[in-house]
Amino acid sequence: MQVKDLNVNQLIEISLDEEGTQLINLASRIEEVTDKYLHISIPTKKGQLMPFRVKQKIIINIHNKGRSFQFNTIIEDRKLYPIPIMLVLKPESLKEIQRRNWVRVTATLPLRYCLTGEEKSKIINLGTTVDISGGGICFITNDPIEAEQVLDMQINLPDREPVICQAKVLRLYQPNGKNSATTKVFSVYIDITEAQRDRIVSFVLEKQRELIKKGLL
């Protein structure tokens, strides 16, 4: 991805470039692109604008086609009307990064899974997500499952093609032990294409923006 590929309505994440800050990975969007500046929406939390100030240094992350890019910039101006935006200096280049700390959002989505590898099974089990990120998924199921199992998984995202991937069960939470009717499963993707991961990341960012608009985040 190059600077020329930055477009209006592109979802981004903003972090304040200061040690100890709590302003990290906040959802935003590019509202306008000029020769010198990017006009980006000011992140909000529970209906309140986050306290970004002119001349502060920020870090912007962008996800595109399963890859993550980053650049550093400076806030040159703030405007509240007609919509709250910040003007930041347009970068000369983007740096590709390896993403480790994925943004996670609460979401209730249907999924299907079965055992894979040597434990391959034709039995299709059903589950419902609790939360999801570009790195893994937490879901609940009423079907038998064990830690360390590898699953062939289909996650049904709204308004998108289903995500097909493999995930490994890291741990389980069963409120009543083995007698629990429902099991909460914590898993991580171990075989997923970048296109599939990008589909998840796009959903997560959109979901995050919806929660912010509703004042729930």
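Each value, and the rule that gives it
- Residue positions are counted from 1 within each chain, in the order its sequence is given.
- Under the rules for a predicted model, residues below a pLDDT of 70 receive no local features and side-chain atom pairs below 80 are neither given nor counted, while totals for whole chains, interfaces and linings still include all residues.
- Based on all heavy atoms of the structure, the side-chain values leave hydrogens and waters out of the count.
- Here a cavity is any set of points on a 1 Å grid over the protein atoms alone where a 1.4 Å probe fits but cannot get out, and a pocket is any open set with protein on both sides within 12 Å along at least 5 of 7 lines; a residue lines the site when it has an atom within 4 Å of a point.
- Grid points are joined across faces, edges and corners, and a volume is the space filled by probe spheres set on the points.
- Working definition: helices are DSSP H or I runs of at least four residues, strands are E runs of at least two. Numbering for both runs from the N terminus.
- Only residues whose relative accessible area exceeds 30% and that form no salt bridge are eligible for patches; like-charged ones are grouped when within 9 Å, while nonpolar side chains (Val, Leu, Ile, Met, Phe, Trp, Tyr) are grouped when within 5 Å.
- Per-residue accessibility takes into account occlusion by the displayed protein chains alone, with areas from the Shrake-Rupley method and a 1.4 Å probe.
- One speaks of a salt bridge when a side-chain nitrogen belonging to Lys or Arg is within 4 Å of a carboxyl oxygen belonging to Asp or Glu.
- Only protein chains enter the area calculation, which uses a 1.4 Å probe; residues under 20% of their type maximum are buried, those over 50% are exposed, and those in between are partly exposed.
- Should DSSP find at least two bridges between two strands, the strands are taken to pair.
- Contact between two residues is taken to exist if any of their heavy atoms lie within 4.5 Å; hydrogens are not considered.

Novice: Looking at this model, I keep getting lost on empty space enclosed by the protein. Mind explaining?
Specialist: Using a probe with the size of a water molecule, rolled over the atoms, empty space left in the structure can be pinpointed. In total, this model carries two cavities of 30 Å³ or more according to the counting rule given. By volume, the largest cavity is sized at about 50 Å³. Around the largest cavity, the lining is made up of 10 residues, and of these Glu13, Trp102, Val103, Val201 and Val204 lie nearest the centre. It is helix α1 (residues 194-213) that provides the largest number of residues to the lining of the largest cavity, a total of three residues.

Novice: How should a nonpolar patch on the surface be read in this particular structure?
Specialist: Residues Leu49, Leu80 and Tyr81 make up a contiguous nonpolar surface patch of about 340 Å² in total accessible area. By secondary structure assignment, the location of Leu49 is in strand β5 (residues 48-49).

Novice: Just checking my understanding: could you explain the pairing of strand β14 (residues 150-155) for this structure?
Specialist: A regular strand places its side chains on the two faces of the sheet in alternate fashion. Residue alternation in β14 divides its side chains into a buried set, Leu151, Met153 and Ile155, and an unburied set, Val150, Asp152 and Gln154. Judged from the six bridges that link them, β14 and strand β15 (residues 163-173) form a sheet pairing that is antiparallel. Directly across from Val150, in β15, lies its bridge partner Lys168.

Novice: In this structure, what is going on with unusual backbone geometry? I would like to understand it.
Specialist: Glycine aside, a negative phi is what most residues show, and trans is what most peptide bonds show. At the junction of Tyr81 and Pro82, the peptide bond is cis and its omega measures out at 0° in the coordinates. Along the chain, the position of Pro82 falls in the loop between β7 (67-79) and β8 (85-89). Backbone geometry places Asn9, a non-glycine residue, at a positive phi of 75°. Along the chain, Asn9 falls in the segment before β1 (11-16).

Novice: Can you help me understand the pattern of salt bridges in this one?
Specialist: When the charged atoms of two side chains lie near each other, side chains of opposite charge can form a pair. Applying the stated criterion across every chain yields a total of six salt bridges. Put simply, Arg29 and Glu31 hold a salt bridge, and the shortest N to O gap is 3.2 Å. For Arg29, a relative accessible area of 24% corresponds to the partly exposed category. What makes Glu31 buried here is its relative accessible area of 19%. The salt bridge involving Arg160 is made with Glu206; its shortest N-O contact spans 3.0 Å. Of this pair, Arg160 sits in the loop between β14 and β15 while Glu206 sits in helix α1, and the two are 46 residues apart along the sequence. Classification of Arg160 as partly exposed rests on a relative accessible area of 22%.

Novice: How should the environment of Ser41 be read in this particular structure?
Specialist: Within the element layout of this structure, Ser41 appears in strand β3 (residues 37-41). For the pair formed by Ser41 and Glu210, sequence separation is 169 residues and the distance between their alpha carbons is 14 Å. Not counting the four nearest positions on each side in its chain, Ser41 is found in contact with Ile14, Ser28, Arg29, Glu31, Pro84, Ile85 and Arg209.

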